[in-house]
Amino acid sequence: MAPPDALIVGAGPAGLSAAIALRAAGADVIVLEQHPSPPPRVCGAFINPEGAAHLETLGVMPRLSDAAAPVTDATLTWAGGGRGRVPIARSARAGLAVPRPVLERAMAEHLAAVGGRIRWNARVTGAERRGCIWAVEVMSGTVPDRLVAPWLVVADGRFSSLSGRRVSKTRAGWFGWNASFTGVDQPPGALSLHFGRHGYVGLLTFLDGTTNVCGLTRRDAAATASWEAVLAEAIDELPALSSLLRPATRVDAFRGVGPLPFSRRMWTADGPLLGGDAAAVGDPYMGEGISRALGTGPALTAALGRGGLEGSPLAMSDRYNAVWRHRYHPRLRFGTVARWMLGHPRLSPSALTQVVSHPFLLRLVLSLTHATRS
Ligand SMILES: Cc1cc2nc3c(=O)[nH]c(=O)nc-3n(C[C@H](O)[C@H](O)[C@H](O)COP(=O)(O)OP(=O)(O)OC[C@H]3O[C@@H](n4cnc5c(N)ncnc54)[C@H](O)[C@@H]3O)c2cc1C
């Protein structure tokens, strides 16, 4: 069989977006994913309006119409009884509440429908450029294999091993965790974020009535408290969270991950194109990680330009990195400052009060976080 034009590592939103866009440009693509199917993820699952626009551009939206609840605003509460509401919809486009496996299944189905291929259970163990060609080592179960292609997109997530991004090993840091609940006292499409001493808890309710309860907590890697205990502590501290969760029942296991390797800028690798978290890990409460991942394909399309796949992969890689930096660097920097403020016990409540009660500040923050940019 002839080698494909592009190999893509990772079937998360970044890898699938890249594959759909390259396929639309006429490329023969193969996505390599280590899991046997879209797995549950530690993620809030909120897609901002920019991400919804990317799903339209990629042609995936019709496959989500029965599963996506529109999210038009978010309720914020914080310790001490503070409460505010922030608009999410931008230029009449709402955000979306879609369970992660549903989103990824819809994208994988769309990719298959347009002629792209996915190899599940295929873990990439190494990649090397030889002249103009990438040679990629793959383990399919226990069977080793080697694939070659002129284009390589690395979209292997926040702890990327193939991007060359160095992740410093810290003991303390921000940990993410989540679990699904039924019976939470908020309707489909409702998003509420509850800020406390150790971080925040976000509740996002899907069309089927289940709610993803997802938190970000600062702690030491050696800490032994279970995620259930971490949530119980937040419930004790935050009355609004307590009243929403009082009637609720947990329906799956807690999942946790950390410390999270946040980035201030894009990691640029020598050669492969990096997508989504492999390029940079942003702050969950910015609500744009999925959107940035979904933007991988549209950014590749913009970088390919009119020359399409005929141009040089290296020149295209430079253009892609420039598109990426222009779109996301200011927001990554803003996220770093916002994370510092939210982690500060004194600044956090007053910063939130100021932002939520001053329309000018609120507009500024929203333009930096949920802006819809072409
Ligand atoms: C606590 C928390 C809450 C969050 N909440 C939100 C939110 O509400 N909204 C939002 O927009 N963002 C949120 N994010 C961020 C969001 O989850 C990520 O930005 C997004 O998942 C990035 O997508 P990706 O495709 O880059 O990576 P991933 O979704 O991680 O996908 C990477 C894929 O690569 C595969 N892979 C890895 N290594 C290999 C290998 N060697 N070979 C083959 N396959 C491999 C993995 O199995 C995986 O399927 C949150 C993050 C955290 C931690």
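It should be noted that the structure appears before, not after, this text.
Criteria and cut-off values
Residues numbered from 1 in each chain as written. Predicted model: local features only at pLDDT ≥ 70, side-chain atom pairs only at ≥ 80, totals over all residues. Helix = DSSP H or I, 4+ residues; strand = E, 2+ residues; numbered from the N terminus. Rg over C-alpha atoms; globule rule 2.2 N^0.38 Å. Buried ≥ 20, exposed ≤ 12 C-beta atoms within 10 Å, placed from the backbone. Core = buried A, V, L, I, M, F, W, Y, C linked by C-beta atoms within 7 Å. Contact = placed C-beta atoms within 7 Å.

## Things to note about the overall build of the chain
Part 1 of the reasoning: Helices and strands together make up the secondary structure of the chain, namely ten helices and 19 strands.
Part 2 of the reasoning: Over its C-alpha atoms the chain spans a radius of gyration of 20 Å, differing by no more than 12% from the 21 Å that the globule rule assigns to 374 residues.
Part 3 of the reasoning: Projected onto its principal axes, the C-alpha coordinates of the chain cover approximately 60 × 45 × 40 Å.
Part 4 of the reasoning: Taking all 374 residues of the chain together, the buried fraction comes to 46%.

## Some remarks on the nonpolar core
Part 1 of the reasoning: With 100 residues, the main nonpolar core has L7 and I8 as its most contacted residues.
Part 2 of the reasoning: Ranked by residue count, the leading element in this core is helix α1 (residues 13-24), at seven residues.
Part 3 of the reasoning: Sequence-distant contacts of L7, that is, excluding residues within four places in its chain, are made with I30, L32, W134, V136, L147, A149 and L152.

## Examining helix α7 (residues 296-304)
Part 1 of the reasoning: Counting buried positions along α7 yields seven of nine residues, so the element is predominantly enclosed.
Part 2 of the reasoning: When we look at burial in α7, the residues that qualify are T296, G297, P298, A299, L300, T301 and L304.
Part 3 of the reasoning: Backbone geometry just downstream of α7 places G305 in the positive-phi region, at approximately 60 degrees.

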